Amino acid sequence: MNRFAAGCATCALLLAGPALAQNSEWEYEASIYLFMAETETAIGTPAGTVEGRLSFDDALSNLDFALMGSFVASNGQWSLIGDYMHTDLSFSQTASGPFGSDLDSSFRTQIFSGYVGYRLQDTADLNVDLVGGIRWFGTASEITTTTPGGASATTVADDDWIDPVIGLRGRARLSDRWAASGFVDYGGFRSDSETWQVLVTADYAINDNWVLRGGYRYISVDHEIDGSDFSFSQSGPLIGATYRF
């Protein structure tokens, strides 16, 4: 069992007890979204740090695969939340690091964030949840630098790990159809691993089942892989649709 599966299983076992103790009916939300992010990655090498940056416009033309979605199950004061992003990119650009050379890069990243939430405030106009869980991050990143003289070197970051995370989730009702949602978390809690994210959206309810969302997201991951620093961040607008049932 890999770390992703083990983390999901652990999270489910720890959270199932209080969640199943509720007597009310389960309610569900399934979302699919497009994260129009600028991606920044840095990998440490003995010669210095190699950095890659890709705007969303460039990412579209270099995208090999992408899958993004989330799922929420609620029962009374308790909720289970899962969010998954998978992105494969390959592109070429000029190095911004110490090499003064060209970069050929390929990035495969997967991020799964799983939480249990407990409702701290529940009114007609405002809901606030305390959340805690895990973030699993997997990367298979490769950057090849080629100097003007033709010499090349390849830097690889291939690893996956799990960080504990805590945060807050909130939703404010603005009108019969409009609402504002926010989510913030922080995790890692160790010198060689840190992660955090912020998500804010404006939500428009088409009917009782369908909701359209638009907003902004920033997510950051810093970790030490085989003694070398690795950092990854994405930021930009997000649009999506949610089905409630």
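The sections below set out a description of the structure shown in this document.

Parameters and conventions
Residues numbered from 1 in each chain as written. Predicted model: local features only at pLDDT ≥ 70, side-chain atom pairs only at ≥ 80, totals over all residues. Heavy atoms only, no water. Phe/Tyr/Trp six-rings, centres within 6.5 Å; stacked < 30°, edge-to-face > 60°. Helix = DSSP H or I, 4+ residues; strand = E, 2+ residues; numbered from the N terminus. Buried < 20%, exposed > 50% of the residue type's maximum accessible area, 1.4 Å probe, protein only.

## Observations regarding the packing of aromatic side chains
Tallied over the full model, the rule gives 14 aromatic pairs. Ring geometry for tryptophan 161 and phenylalanine 230: centres 6.3 Å apart, planes at 80°, overall edge-to-face. Of this pair, tryptophan 161 sits in strand β8 (residues 152-173) while phenylalanine 230 is found in strand β12 (residues 228-244), placing the two residues 69 residues apart along the sequence. Phenylalanine 230 carries the same exposure label as tryptophan 161, and that label is buried. Considering the side-chain rings of tryptophan 210 and tyrosine 243, the 4.9 Å spacing of their centres and the 55° angle between planes classify their relative orientation as tilted.

## Some points on unusual backbone geometry
Positive phi, normally seen in glycine, also occurs at phenylalanine 189, with a value near 55°. Summarising the element assignment, phenylalanine 189 is placed in strand β9 (residues 178-190). Judged by relative accessible area, which is 48%, phenylalanine 189 ranks as partly exposed. You will see that aspartate 226, though not glycine, has its phi angle at about 50°, which is positive. You can see aspartate 226 is positioned in the loop between β11 (210-225) and β12.

These values are about where atoms sit, not about what they do.
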